[in-house]
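Observations on chain architecture
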Amino acid sequence: MHLTPSYKSLNPAQFQEKIEALESMLQECKLCPRKCKAKRESGEKGFCRAGANLWISSYGAHFGEEEILVGSYGSGTIFFTWCNLRCSFCQNYDISLEGNGESVSEQQCAEIMIYLQKRGCHNINLVTPTHYTPQIVKSIKIASEKGLNIPIVWNCGGYESFEVIRTLDKIVDIYMPDIKYSNSEAATLLSNAPDYFERCKEAIIEMYRQVGNIQIENNIAKRGLLIRHLVLPEDLAGSEQIFMFLKNEISPDVFINIMAQYRPYGNIPEKMGRRITINEYRNAIILARKIGLRNIIHSTTF
Ligand code: SF4
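My aim in this report is to walk through the structure given alongside it, one point at a time.

How each quantity is defined
Residues numbered from 1 in each chain as written. Predicted model: local features only at pLDDT ≥ 70, side-chain atom pairs only at ≥ 80, totals over all residues. Heavy atoms only, no water. Phe/Tyr/Trp six-rings, centres within 6.5 Å; stacked < 30°, edge-to-face > 60°. Helix = DSSP H or I, 4+ residues; strand = E, 2+ residues; numbered from the N terminus. Buried < 20%, exposed > 50% of the residue type's maximum accessible area, 1.4 Å probe, protein only. Lys NZ or Arg CZ within 6 Å of the ring centre and 35° of its normal. Axes fitted to C-alpha atoms, helices over the stretch in contact; angles between N-to-C directions. Parallel < 35°, antiparallel > 145°, perpendicular 65-115°, else oblique. Left-handed = near helix turned anticlockwise from the far one by under 90°. Contact = heavy atoms within 4.5 Å. Nonpolar A, V, L, I, M, F, W, Y, C, P; charged D, E, K, R; others polar.

Quick look at the packing of aromatic side chains
- Applying the stated criterion across every chain yields a total of seven aromatic pairs.
- Where Tyr-59 meets Tyr-115, the ring centres are 6.0 Å apart and the plane angle is 80°; that geometry is what we call edge-to-face. Placement of Tyr-59 in strand E1 (residues 54–62) and of Tyr-115 in helix H4 (residues 106–118) is noted, with a sequence separation of 56 residues between them.
- With centroids separated by 6.0 Å and ring planes inclined at 50°, the aromatic side chains of Phe-80 and Tyr-132 adopt a geometry described as tilted. In this pair, Phe-80 sits in strand E2 (residues 75–80) while Tyr-132 sits in the loop between strand E4 (124–127) and helix H5 (133–145), placing the two residues 52 residues apart along the sequence.
- Given a relative accessible area of 1%, Phe-80 falls into the buried group.
- A relative accessible area of 0% places Tyr-132 in the buried class.
- In textbook terms, an aromatic cluster arises when at least three aromatic residues are bridged by ring pairs, as seen for Tyr-159, Tyr-181 and Tyr-196.
- Its end group placed over the ring of Phe-47, Arg-34 keeps NZ or CZ at 3.6 Å from the ring centre.

Below, the structure written as structure tokens:
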């Protein structure tokens, strides 16, 4: 069976209905669980600092993502400026915390998507899209009308609004959320989001309801849920509870990339001032297997 992207099944009225629902959430912004109520269209800024217009820091064919996204011609990444999590250890702080990028219209964003498809990219990989959801969905509609026909990857930090994710049903084919922390202390300290795990779990259950486990055609992911989890020093992320949640409430077959690339950076507590050890990483993989997760992607370099 050949899977076509979900958004191809939406008619213009259905697309428009979703855009309007999302635009109403932008008015006094509640696009993410922070629900700042910032009037972004009047120039007010919320926690993420994003305004009313789309800002992009870069785009292109990216070969550093998971193999099932990259294939031969790369994943068509678009990096959005600002972030609703603003983690203190962010490696892309110039984009997420300092706002490096430039304003583009929805029309221009749609043209970027078409350009990436023409380059042969296997998907459109939206990096940190949460705070621009209405503008991005508008861009996808325009691009779809111009012939976009590759899957949309929602590459987000996991601190998502259930209502927003529900509205993305039939637009997104591949959800790729982080699960960063299972404990409130770390989430508060590092991302100022005490309810991170609760909101993340609700959102991921809904993502999984929509797209299920990863489906692969010719070695390329076409649809499904792919989790990313970054192991932190001293198990600050609380990995065990995350793996238990995935096994018990999602599926033992869910794809999870357990990542080793944490680097000490930014305004972090003392115990995070080092890279993780090989043993910390190995133990996380062993634990995930022991709990029963069967589709683990892990680093070959350390
Ligand atoms: S998207 Fe930004 S402005 Fe909107 S609720 Fe989240 S942090 Fe606040």
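More follows now that the structure is in view.
Re the packing of H4 against H5
- Interaxial distance between H4 and H5 falls to 8 Å at its minimum, and their mutual angle equals 55°. When the interaxial angle is binned, H4 and H5 end up oblique. In this structure, the crossing between H4 and H5 has a hand that is right-handed. On H5, the residues that touch Glu-106, Gln-107, Cys-109, Ala-110, Met-113 and Ile-114 of H4 are Gln-135, Ile-136, Lys-138, Ser-139, Ile-140, Ile-142 and Ala-143.
- Taken together, the residues of the contact of H4 with H5 break down into eight nonpolar, three polar and two charged.

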